[in-house]
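Residue strings, one per chain:
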Amino acid sequence: MAARPHIRAALFGAAAFSLSLADPAYAQIVVYDPTNFSQNVLTAARELQQINNQIQSLANEAQMLTNQARNLASLPLSTLSQLQSTIQKTQSLLAQAQHIAFDVQQIETAFATTYGSASTGASSSGLMATAQTRWRNSVAAFEDSLKVQAGVVGNISSNGSAMSSLTSASQTATGALQAAQAGNQLLALQSQQLSDLVAVVAAKSRADALEQSRITATESQGQEQYRRFSTRSGYQPGNVTMFHGN
């Protein structure tokens, strides 16, 4: 009976040894190290923070690329062809100037032959023909001026539509490039409107200048005709009775 406690101790030790060999993980869980656990938690937290920082950095880069794409996006609206068409119409009206075009050489020739001082050697019929030419030039110039004005007034509607579209596109631009392109097209529209204004002023000034030149030339011709009439041989000035009394 005295040997039984030793047998029990031996059996218990053998069982414990066999458990440690059969399930080593169980033996590790039983052992708890608070210091090692805290270090593991801190390490995991740091790694998680690094991952979050990397995710945020990637998100920032993605947003930067998105913004760059917006800034480089081209404006889908273009009024260039419309503006070019409008300018060509106005230029065509100016090119249709009758008799005396907007040409320096033609103007010089006309004023040397038609609008200069009345020639003392020209015949009376020649003087009358020249006067008729000047009158036709003035009438044609006024007609040309009215045509240009009508054409420019007709451009107001299309220009207003283009300005509205460009202003809306500028306000809703998604990036710097679209805003700049909308602004450039607005400047082009303003330039086209200024060219229309210049065309109107040029056409009207041409008409006014030709009319003033016609008046001046007519005065010179009148003086020449009076000189011829007053120096005609056989002419005797005298009193003329217009009405006879009873």
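Residues numbered from 1 in each chain as written. Predicted model: local features only at pLDDT ≥ 70, side-chain atom pairs only at ≥ 80, totals over all residues. Heavy atoms only, no water.

## Thoughts on the pattern of salt bridges
Enumeration over the complete set of coordinates arrives at six salt bridges. For arginine 228, the salt bridge goes to glutamate 224, with nearest N and O atoms at 2.9 Å. Of this pair, arginine 228 and glutamate 224 both sit in helix H7 (residues 176–230), four residues apart, which is roughly one turn of the helix. Overlapping salt bridges, with partners in common, bring together Glu224, Arg227 and Arg228 in one network. (Salt bridge = Lys/Arg side-chain N within 4 Å of Asp/Glu carboxyl O. Helix = DSSP H or I, 4+ residues; strand = E, 2+ residues; numbered from the N terminus.)

## Re the nonpolar core
Among the nonpolar cores identified, the biggest contains six residues, and these are Ile100, Ala110, Tyr115, Ala141, Ala207 and Leu210. Counting five residues, the second largest nonpolar core, distinct from the first, contains Val148, Val152, Ala199 and Ala203. (Core = buried A, V, L, I, M, F, W, Y, C linked by side-chain atoms within 4.5 Å. Buried < 20%, exposed > 50% of the residue type's maximum accessible area, 1.4 Å probe, protein only.)

## Remarks on the side chain of arginine 214
With respect to the helices, strands and loops of the structure, arginine 214 is situated in helix H7. A polar contact of 2.8 Å, which involves the side chain of arginine 214, links it to the side chain of glutamate 211. If we ignore the near neighbours within four places in the chain, the residues touching arginine 214 are Tyr115, Arg134, Trp135 and Ser138. (Polar contact = N/O pair within 3.5 Å; in protein donor to acceptor, adjacent residues only side chain to side chain. Contact = heavy atoms within 4.5 Å.)

## Observations regarding the environment of serine 165
Locating serine 165 in the fold gives a position in helix H6 (residues 124–171). Along the backbone, serine 165 and serine 78 are 87 residues apart, and their C-alpha atoms lie at a distance of 9.5 Å.

## Quick notes on a nonpolar patch on the surface
Taken together, the side chains of Leu194, Leu197 and Val201 present a nonpolar region at the surface, about 290 Å² in accessible area. Along the chain, leucine 194 turns up in helix H7. Of the residues examined, leucine 194 reaches a relative accessible area of 53% and is grouped as exposed. (Patch = residues over 30% accessible without salt bridge, like charges linked within 9 Å, V, L, I, M, F, W, Y side chains within 5 Å. Areas by Shrake-Rupley, 256 points an atom, 1.4 Å probe, with all protein chains shown as cover.)

## Digging into H6
Between its terminal C-alpha atoms H6 stretches 70 Å, which fits the 70 Å expected from 48 residues at 1.5 Å a residue. At serine 157, H6 shows its strongest bend, of approximately 30 degrees. (Expected span 1.5 Å × (residues − 1). Bend = angle between axes of the 7 residues up to and from the residue.)

## A short note on the side chain of serine 213
For serine 213, the location among the structural elements is in helix H7. For serine 213, a relative accessible area of 14% translates into the label buried. Contact partners of serine 213, with chain neighbours within four places excluded, come to Phe111 and Tyr115.

## Some words on the packing of helix H4 (residues 80–95) against H7
Close contact between H4 and H7 brings their axes to 10 Å; oriented N to C, the two are set at 10 degrees. As far as their axial angle goes, H7 and H4 are roughly parallel. Of H7, the residues touching H4 (which contributes Leu80, Leu83, Thr86, Ile87, Thr90 and Leu94) are Gln185, Ala188, Leu189, Gln192, Ser195, Asp196 and Ala199. Partitioned by chemical class, the residues of the contact of H4 with H7 number seven nonpolar, five polar and one charged. (Axes fitted to C-alpha atoms, helices over the stretch in contact; angles between N-to-C directions. Parallel < 35°, antiparallel > 145°, perpendicular 65-115°, else oblique. Nonpolar A, V, L, I, M, F, W, Y, C, P; charged D, E, K, R; others polar.)

So yeah, pure geometry; function would need other evidence.
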